[in-house]
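# Fold and contact review
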Amino acid sequence: MIIIGNNEDFPSQKKSEKQKTAKWAEKCVRAATDMGLYSSEFYGEYREIRTNMDLYNNILDKDDMLDMCDPFGMTDNDFPFEPAHYPVANNKINLLLGEEMKRKFDWKVRVINQDAITEKEKDIANEIRSRFLEIVTRDVPQEQIAEKVQELDNYLRYDYQDMRERRATQLLNHMIEKENLKYKWNMGFLDGLVAGREIYSLDIVNGDPRIRKCNPANIRVIRKGQSVDVQDADIIIEWGYHSRGNVLDDYSDYLSEDDVKEIERMDTTLSAGTDEAVAQGKEPDLLAGTFSMIEDKDGNLVPSNLNNAEMLLNPVLEDGSLLVTRTVWRSYRKIGKLKYYDRKTGEQLYRFVDEFYKPRVKMGEEIEKYIWVTDWWEGTRIGENIFVKMRPFPVKAYGINNPTGTLCPYVGGDYTQEGEPTTSLMARMKPYSYYYDFLMFKQWETLTKHKGVVGYLDLAMIPEGWETEDALYFADKMGWLPIDSFKEARKGAATGTLAGNMNANRAPMNFDMGNYLQQNMMILNFIKEEISNISGVSRQREGAISSSELVGNTQRSVMQSSHITELYFQFHERIKVSVLKATLEVAKHAYRNRSLKVQYITDDMSQVLAEIDGDMIREIDYGITIGSSMEYQQLQQTMIQLAQAGLQNDKVNFSQIMDILTDPSISSVRRKIETAERQKMDQMRQDSEQQQQMMQQQQQMAQQVEAMRNEGKQQAEQFKADLALELERVRNEGKIDLEKVKAQLHKDLKMTESSDTVMKTMSDVEKLGMQLKHEAKENELDRQSEEEIERLKLEKSIKTTGS
């Protein structure tokens, strides 16, 4: 009897390359399918992941909910139960997704093999030599030499990359943009938070690397041991339903003419039942079908042990979609350790060769021993009987740490520690989410029963001839409800009996559910608080801050919340580094023996063009290091807070802040801040020197002006003394050459005084000139008067003498 899921059913992998035929590979795929998809463990693991993902997508599994919330073990058939789902847990996950989008992923490529490191040391020595030669030849001032040396030290310590590292960095940046890895990483982080597992598939399609995010619900990992990485497993199975046209497009290079006809003829072989749900990625069929086939002792294909096959996937859905199963597994390969000698130096060397290599004994070659190493194989099963791409995975990952192995076609891991079961963030919040849905269902159910206080109205007591509406109208208008207690006493056997004896004063019925509704609301709020506590995402972190909360308390709550959830980001970044390493290995294989011209856009929206030599990067082993995203996040928040203060105090400018905030590297940000500070200090020193020079020039000019003023005052005093003498001479002579004095005065004053002084002096001279003219005129009149008097006296004297 064949027991499905037994590891002994998997074919032996310790075979030579000649023994690994297509038939052997087909047996491996069939056995892996039996072990992975047709075992009891598959349904439990699948259902756990599926219910978590459905819960995030607003799909409620009532059976799973009743397992937690129904203490009596009732089912949906016992009473109608149609609850709605309220995604109170989604905000916590969406907030973490938004933060992941904004986190800086600071990574650098470094060569790690000895030859490349030696070449890098030589390049660094040449760089140092050229920099110092530049300092000497350009006659750099003494005070700037220390700054130049510090800049060189920072560059070599943090930013320096040789040609191979730069080309690998440019290639990865190109792949990140080309494959839209930032979006795929964000969706992978969602898988990790919801399903607890994040997986990516690697392949080469049409000569280009391809990185695809996988659905963790459709991945089955076997023999992973206690490792958290899926690439450490022995067998990985990925299944899913695809349209026939999509299958032909993806595998056209591997399908024969008969395979295409078989795909066209495929039809459903089982009752669909839940096939539509399977097509949407939901729960697989629970029917035993014809998918799992094995060989009997005569070599004929027969169904596997259906009694133990608890659930089998339908190979063809009702809508015609085909089941495609890709299987990868570790096989073994025999290689030899060859000893040989260098022709020039005679040094003894070693390298690995395949099992078919014939050593050249005459040249000193010798195979010291044969060893078995792992070698990843892959195979794809379409429907039941079509097998394609049965081959060793073509991408090799030889290196100093792995000289014999190949690359696993899948990269990813679980969000847990080694050896422990995986529990996602959604799984931790799921019980409370179910309780919330259950209580909300009870809340709405209670609201339909809430009628308030309902009183009694005994129709037997309504007065004779009145209708019920009349009594209610009279009670509403008058405030009294008239009754006839003897109404029934006049009827038949009740004659003489008072109607009041029939307990007319009944208390009203109370249908008020207010207290119960209020208690439910308190419990619902409690569940929300518990979800916040379990997830680590506080309401302050979501932005729900009351007006009475202090700023310091809010900041402390947000900081503590970020510490709680940082573990999930560490899980995710570890997987991102693995994806980058695997992407670089796939690219090295895809672009071998050819050059590639790439272009990509950086985070600051600048365009980079580069030409990459595939052979140059293929011969080098690379390592990838990352910085602390949390450290950068704190730095970025601090920079945003201090940006306004820095601008107000003229410490930084807008371009420097934009450059710092858009830089993906923490180390680069640090150097830019240091450079900005150094430039600011240099600018301040230059400004101080310029101010001192300007002050000295101003002092010198002030001294010169003062000296000129003193000299001008002396000349003015001398001129005034000379002018006084000249005026005295003019008065004595009674005439003045005013124009000559004004011309000479204007000439002398222009040389000695400022324009204001000249104008003032000229005004005084003009006044003095007018005065001199007036005095000269008066003197002339006096002279004329005296001459006239003397003439008259003379005439009178002559007349007197003549008589």
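These numbers come from a predicted model, not from an experiment. (Residues numbered from 1 in each chain as written. Predicted model: local features only at pLDDT ≥ 70, side-chain atom pairs only at ≥ 80, totals over all residues. Heavy atoms only, no water.)

## Things to note about the overall build of the protein chain
The condition that has to hold: A run of H or I in DSSP counts as a helix once it spans at least four residues, and a run of E counts as a strand once it spans at least two, with each numbered from the N terminus. Exposure classes here rest on a 1.4 Å probe applied to the protein chains alone. A residue is buried below 20% of its type maximum, exposed above 50%, and partly exposed in between. Residues count as neighbours in contact if any of their non-hydrogen atoms are within 4.5 Å of one another. Accessible surface is estimated by sampling points in the Shrake-Rupley manner with a 1.4 Å probe; for residues, cover comes only from the protein chains shown.
Of regular secondary structure, the protein chain possesses 21 helices and 17 strands. Scored against the burial criterion, the 803 residues of the protein chain give a buried share of 39%. Contacts spanning at least 24 positions in sequence make up 71% of the contacts within the protein chain whose residues lie at least 6 apart. On the protein chain, roughly 47,100 Å² of surface is accessible, and the fraction owed to carbon and sulfur atoms is 51%.

## Quick word on the packing of aromatic side chains
Put simply, the test is: Each Phe, Tyr or Trp ring (for Trp, its six-membered ring) is paired with any other whose centre lies within 6.5 Å, and the angle between the two planes then decides the class: stacked below 30 degrees, edge-to-face above 60, tilted in between. Cation placement over rings: the criterion is NZ of Lys or CZ of Arg within 6 Å of the ring centroid and within 35° of the ring normal.
In total, this model carries 11 aromatic pairs according to the counting rule given. With 5.7 Å between their ring centres and 35° between their planes, F42 and Y46 make a pair best called tilted. Remark: Y46 and F42 occur in helix α2 (residues 40–56); sequence separation between them is four residues, near one turn of the helix. Judged by relative accessible area, F42 falls into the buried class, the value being 3%. The class for Y46 is buried, based on a relative accessible area of 2%. Grouping aromatic residues by their ring pairs yields a cluster made of F42, Y46, W239 and Y241. Across from the ring centre of Y370, 4.8 Å away, lies the NZ or CZ of K334, which sits over that ring. Positioned above the aromatic ring of Y357 is the side chain of R351, whose terminal nitrogen or guanidinium carbon lies 5.5 Å from the ring centre.

## Details of the sheet that holds strand β3 (residues 208–213)
The pairing of strands in a sheet happens through backbone hydrogen bonds and is either parallel or antiparallel. The criterion, for reference: If DSSP finds at least two bridges between two strands, the strands pair. An axis is simply a line fitted to the C-alpha atoms; with a helix, the fit covers only the stretch in contact. Between two such axes, the angle follows the N-to-C directions and lies from 0 to 180 degrees.
The three strands are arranged β3-β2-β12 in an open sheet whose pairing can be described as antiparallel. Looking at the sheet topology across the chains shown, the edges are occupied by β3 and β12 (410–414). The sheet shows a mean angle of 15° between the axes of neighbouring strands, taken without regard to direction. Pairing of strand β2 (residues 197–205) with β12, which is carried by five bridges, proceeds in the antiparallel orientation. Residue pairing for β12: Y200 is matched across the bridge by V411. In the packing of helix α8 (residues 181–195) onto the sheet, contacts are made with β2 and β3, and the angle to β2 comes to roughly 145°.

## Some words on the confidence of the model for the protein chain
In plain terms, the rule: pLDDT is defined as a per-residue confidence score from the predictor, taking values between 0 and 100.
Taken residue by residue, the protein chain gives an average pLDDT of 75. The fraction at 70 or more is 62%. The low-confidence segment residues 269–294 (pLDDT under 50) makes 81 contacts with residues lying over four places distant or belonging to another chain.

## What about the pairing of β2?
Most of β2 sits inside the fold, with seven of its nine residues counted as buried. Here six bridges tie β2 to β3, and the two strands are oriented antiparallel to one another. From the neighbouring strand, I204 faces β3, where its bridge partner is P209. The turn linking β2 back onto β3 is made up of two residues, and N206 within it adopts a positive phi angle of 55°.

## Some details on the nonpolar core
Spelled out, the test is: Here, nonpolar core means buried Ala, Val, Leu, Ile, Met, Phe, Trp, Tyr and Cys residues that are tied together by side-chain atoms lying within 4.5 Å of each other.
Ranked by size, the top nonpolar core spans 95 residues in total, and within it I93 and W329 carry the most contacts. With 11 residues, the single largest contributor to this core is helix α15 (residues 551–590). Of all hydrophobic cores here, the second largest spans 11 residues; its members include V247, I263, M266 and V388.

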